[in-house]
Amino acid sequence: MAINHVQSDYDQLQGLLATFEDLRSFLNRLTALGAEVMTEAAGAKVECAVTLRRQKRPVTIAGSSEVAVRLDEIEQAVGGGPCTEALKTGRPVLLADVSTDSRWPTYSKALAAAGCGSCLGVPLDPGENAAAALNLFASPAGPLTEPMIARATAFAESAGHTMALAVRMAAKDELTNDLRAAMEKRTVIDLAAGIIMGQNRCTQDEAMKILLAVSSNRNQKLAAVAEEVVAGVSGSRTVRTHFDD
């Protein structure tokens, strides 16, 4: 039965990849699947959230419901809880009963206020330069038992492999967008330098020195200064670089 669970998890997660649009929507669907899987296994309602940390990128939090996302965000804000501990240790961490577990009093109080009686953090392996963990929430204390930890761990293993591919796909898209943004900035700077060259009968190097001096004196980004120069001539700050996709 465990093998069937693993294969079923893998097949469904691969289906999420087949319709990949962006990382956040993928994570939202992954957590929805996680909530469905764990609710069926536990015989009680279980919500699911995921925290993803990547190098040089903001922390991404997604969830099967707004409550799951909010509870995960609270944990990250207070800096303590099962998900945070799972990220640190690489092992599942169970908060079995918020009324008796004293390890994270601030977070337990927030869980209780949201009607959540127990919480389980399970680490994921999304590949190099990234770390992630699932946060599972059950309304009553009790459904997240040892067998449920084993089931969640099995799901997390398949989810980690799938997430690693999703992270790579997202990184490729983000690199393309970053390069486009950099080229857009370069375009407006080059246009501004050209305008200054025409106005002052100076060289490109001299025009760039003027732009850099204004940027420094105003404590303003070079691209923003360049946009003002272009707007002074064209009447618009919008400059587009044309790409052949």
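- As recorded by an unreviewed UniProt entry, the chain carries the name RNA-binding protein and is attributed to Pseudarthrobacter scleromae.

1. Observations regarding the overall build of the chain
Argument step 1. Broken down by element type, the chain carries eight helices and five strands.
Argument step 2. Walking the chain from its N terminus toward its C terminus, one meets helices and strands in the order α-α-β-β-α-α-β-α-β-β-α-α-α.
Argument step 3. Looking at the 245 residues of the chain, the share that counts as buried comes to 42%.
Argument step 4. Restricting the contact set of the chain to residue pairs at least 6 apart, pairs at least 24 apart contribute 59%.

2. Here we look at the side chain of Asp-72
Argument step 1. In this structure, Asp-72 sits in helix 3 (residues 66–78).
Argument step 2. Although Asp-72 lies buried, it forms no salt bridge, and the closest oppositely charged side chain, Arg-53, sits 7.6 Å away as judged by the N-O distance.
Argument step 3. Ignoring sequence-local partners within four residues, the contact set of Asp-72 consists of Ala-49, Val-50, Thr-51, Ile-61, Cys-83, Tyr-107, Asn-135 and Phe-137.

3. Describing the sheet that holds strand 4 (residues 118–124)
Argument step 1. Pairing is antiparallel in the open sheet, where five strands are placed in the order 2-1-5-4-3. Each edge of the sheet is formed by a strand with only one pairing partner; in this case those strands are strand 2 (60–63) and strand 3 (93–95). Strand after strand, the sheet turns through a mean of 15° between neighbouring axes, direction not considered.
Argument step 2. In the sheet, strand 4 pairs with strand 5 (residues 130–138) via seven bridges, with the strands oriented antiparallel. Across the sheet, the residue bridging to Gly-121 is Asn-135, located in strand 5.
Argument step 3. Each of strand 1 (46–54), strand 2 and strand 5 is contacted by helix 2 (residues 23–42), which is oriented at about 145° to strand 1, the strand it contacts most.
Argument step 4. Together, strand 3, strand 4 and strand 5 form the strand contacts of helix 5 (residues 105–113), whose direction differs from that of strand 5 by roughly 50°.

4. Notes on the side chain of Asp-9
Argument step 1. Structurally, Asp-9 is set in helix 1 (residues 2–18).
Argument step 2. In this view, Asp-9 contacts Val-37, Arg-151, Ala-154, Phe-155 and Ser-158; residues no more than four positions away in its chain are not counted.

5. Considering the pattern of salt bridges
Argument step 1. Scanning the model with the defined rule gives four salt bridges in all.
Argument step 2. Between Arg-151 and Asp-9 there is a salt bridge whose closest N-O contact spans 2.9 Å. Here Arg-151, found in helix 6 (residues 146–200), pairs with Asp-9, found in helix 1; they are 142 residues apart in sequence, far enough to count as distant.
Argument step 3. Accessibility expressed as a relative area gives 11% for Arg-151, which makes it buried.
Argument step 4. The salt bridge partner of Arg-103 is Asp-101, with a shortest N-O separation of 2.6 Å.

Cut-offs applied
- Every chain begins its residue count from 1, and numbering advances along the sequence as written.
- The model is predicted, so local features are restricted to residues of pLDDT at least 70 and side-chain atom pairs to those at 80 or more, both for listing and for counting; the totals for chains, interfaces and linings are taken over all residues.
- Calculated side-chain values reflect all of the structure's heavy atoms, with hydrogen atoms and water omitted.
- By the criteria applied, helices consist of DSSP H or I runs no shorter than four residues and strands consist of E runs no shorter than two, each listed in order from the N terminus.
- The cut-offs for exposure are 20% and 50% of the maximum accessible area for each residue type, with area from a 1.4 Å probe on protein chains only; residues under the lower value are buried, those over the upper are exposed, and the others partly exposed.
- Contacts: residue pairs with any heavy atoms within 4.5 Å of one another.
- Here the positive residues are Lys and Arg and the negative ones are Asp and Glu; neither His nor the chain ends is included.
- In what follows, salt bridge is the name for a side-chain nitrogen of Lys or Arg lying within 4 Å of a carboxyl oxygen of Asp or Glu.
- Should DSSP find at least two bridges between two strands, the strands are regarded as paired.
- Lines fitted to C-alpha atoms define the axes here, with helix axes fitted over just the stretch in contact, and angles between the N-to-C directions of these axes take values from 0 to 180 degrees.

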